[in-house]
Amino acid sequence: MKWLLCLVLWSQISHSSTVTLTFSYPYQAPNHNQSVMVLRYAYEQLEIDFELTGLPVARALQMANQGETDGELSRITGLTDMYPNLIQIPVAINQVNINLYRQSSDSQLTVQQWLTARSKRLGCLKGIVAIAQYATKHGLRCHDIEEPLNGLNMILAGNIDGFISPQILTKSSLDAQTDTVFSADTLTQLPMYHYLHKKHQDLAIRLTEVLTKMQQSGSIEQLMRETQASADNVQ
């Protein structure tokens, strides 16, 4: 009987000692995407659990940088200059398509022709560093738009002609537009990386080791494929 009691107590102590972190992420993104699955697998090997806090795009990064969350789920590379309190884990865990959305009736021009047409009014999702960089690189003039759904609705209302936004953030809003057919052209595809607040420097080293081994074994690619296949089956 004593050994059973000891087993129960050990189980309770072990469970209660599990570390739980909180990561911020853009709330428009699906909760169960490739980034979540890859990180779940990696953190389980470190006996760490995590939960997610959905926030507006820019606010999510700000809270992670301020240490109000433990880090950011996944973003593009090179954000540490703007958010110096974050540590980028140098192993890609996902990828994101940056798309141009326009009505199918307005897709006679190629993407390049469309983007360089002076008559076209363009909206861009606010707070996405990759989009701002793309717009600057290609000399695009963008009207900042707060939400993906707003961007699509502004196209329908004739306020803009096209909208640049990450596919993963726009999908649910696009699915809700059942009466209108939008075309989606991929402008660029970027790898995504996990970020931790600098208070987790030791953890960053251990996590990098785990993710590097996963990358070398092909586990990350396999998890991404399985997650995408599962999402496609639900659709």
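Residues numbered from 1 in each chain as written. Predicted model: local features only at pLDDT ≥ 70, side-chain atom pairs only at ≥ 80, totals over all residues. Heavy atoms only, no water.

1. Here we look at the overall build of the chain
Inference 1: Secondary structure summary: the chain contains 9 helices and 9 strands in total.
Inference 2: Burial statistics for the chain: of 235 residues in total, 43% are counted as buried.
Inference 3: Across the chain, contacts joining residues at least 24 apart in sequence account for 75% of those joining residues at least 6 apart.
Inference 4: Total accessible area on the chain stands at roughly 13000 Å², and carbon and sulfur atoms take up 51% of it. (Helix = DSSP H or I, 4+ residues; strand = E, 2+ residues; numbered from the N terminus. Buried < 20%, exposed > 50% of the residue type's maximum accessible area, 1.4 Å probe, protein only. Contact = heavy atoms within 4.5 Å. Areas by Shrake-Rupley, 256 points an atom, 1.4 Å probe, with all protein chains shown as cover.)

2. Points about the confidence of the model for the chain
Inference 1: Scored by pLDDT, the chain has a mean of 86; 88% of the residues are at 70 or more.
Inference 2: Predicted confidence for residues 1-16 stays below pLDDT 50, and this span has 0 contacts to residues more than four positions away or in other chains. (pLDDT = per-residue confidence, 0-100.)

3. Points about the pairing of strand E9 (residues 182-197)
Inference 1: As paired strands, strand E3 (residues 71-75) and E9 are joined by 3 bridges and run antiparallel to one another. Considered in E9, the bridge of Gly-71 is made with Leu-196.
Inference 2: Bridge count between strand E4 (residues 86-88) and E9: 3 bridges; the pairing is antiparallel. Each residue of the ladder has a partner; that of Leu-86, found in E9, is His-197.
Inference 3: Of the pairings in the sheet, the one linking strand E5 (residues 94-103) to E9 comprises 10 bridges and is antiparallel in character. The residue of E9 that forms the bridge with Asn-99 is Thr-186. (Pairing = 2+ DSSP bridges.)

4. A closer look at the packing of aromatic side chains
Inference 1: For the structure on display, the rule yields 3 aromatic pairs.
Inference 2: Look at Phe-23 and Phe-50: their rings are 5.3 Å apart centre to centre, the planes differ by 45 degrees, and that puts the pair in the tilted class. Of this pair, Phe-23 sits in strand E1 (residues 19-26) while Phe-50 sits in strand E2 (residues 48-55), and the two are 27 residues apart along the sequence. (Phe/Tyr/Trp six-rings, centres within 6.5 Å; stacked < 30°, edge-to-face > 60°.)

5. With respect to helix H7 (residues 167-176)
Inference 1: Where H7 is concerned, the buried positions are Leu-169, Thr-170 and Ser-173. For H7, the angular spread of the buried residues around the axis is 75 degrees, confining them to a single face. (Arc of directions from axis to C-beta.)

6. Quick notes on the pattern of salt bridges
Inference 1: This model, assessed by the stated rule, comprises 9 salt bridges.
Inference 2: In this structure, Arg-40 and Asp-49 form a salt bridge, with 3.0 Å as the shortest nitrogen-oxygen distance.
Inference 3: Arg-59 is the partner of Glu-68 in a salt bridge, and the nearest nitrogen-oxygen pair spans 3.9 Å. (Salt bridge = Lys/Arg side-chain N within 4 Å of Asp/Glu carboxyl O.)

7. Details of the side chain of Ser-24
Inference 1: Topologically, Ser-24 is positioned in strand E1.
Inference 2: Within polar-contact distance, the side chain of Ser-24 engages the backbone oxygen of Ala-60 at 2.8 Å.
Inference 3: A distance of 3.3 Å separates a polar atom in the side chain of Ser-24 from a polar atom in the side chain of Thr-69. (Polar contact = N/O pair within 3.5 Å; in protein donor to acceptor, adjacent residues only side chain to side chain.)

8. Digging into the packing of helix H6 (residues 148-157) against H7
Inference 1: The geometry of H6 relative to H7 is characterised by a closest axis approach of 8 Å and an angle of 55 degrees between their N-to-C directions. It follows from the interaxial angle that H6 and H7 lie oblique. Here H6 runs over H7; the crossing is right-handed. The segment H6 lies against H7, with Pro-148, Leu-149 and Leu-152 engaging Leu-169, Thr-170, Ser-173 and Leu-174.
Inference 2: Classifying every residue of the contact of H6 with H7 by side-chain character gives 5 nonpolar, 2 polar and no charged. (Axes fitted to C-alpha atoms, helices over the stretch in contact; angles between N-to-C directions. Parallel < 35°, antiparallel > 145°, perpendicular 65-115°, else oblique. Left-handed = near helix turned anticlockwise from the far one by under 90°. Nonpolar A, V, L, I, M, F, W, Y, C, P; charged D, E, K, R; others polar.)

9. Remarks on the state of the cysteines
Inference 1: For the structure shown, the criterion picks out 1 disulfide.
Inference 2: Residue Cys-124 pairs covalently with Cys-142 via a disulfide, S to S 1.9 Å. Of this pair, Cys-124 sits in strand E6 (residues 122-125) while Cys-142 sits in strand E7 (residues 142-145), placing them 18 residues apart in sequence. (Disulfide = S-S within 2.5 Å.)

10. Description of unusual backbone geometry
Inference 1: Of note, Glu-47 is a non-glycine position whose phi angle comes to about 60 degrees, a positive value.
Inference 2: On the secondary structure map, Glu-47 appears in the loop between helix H2 (34-45) and E2.

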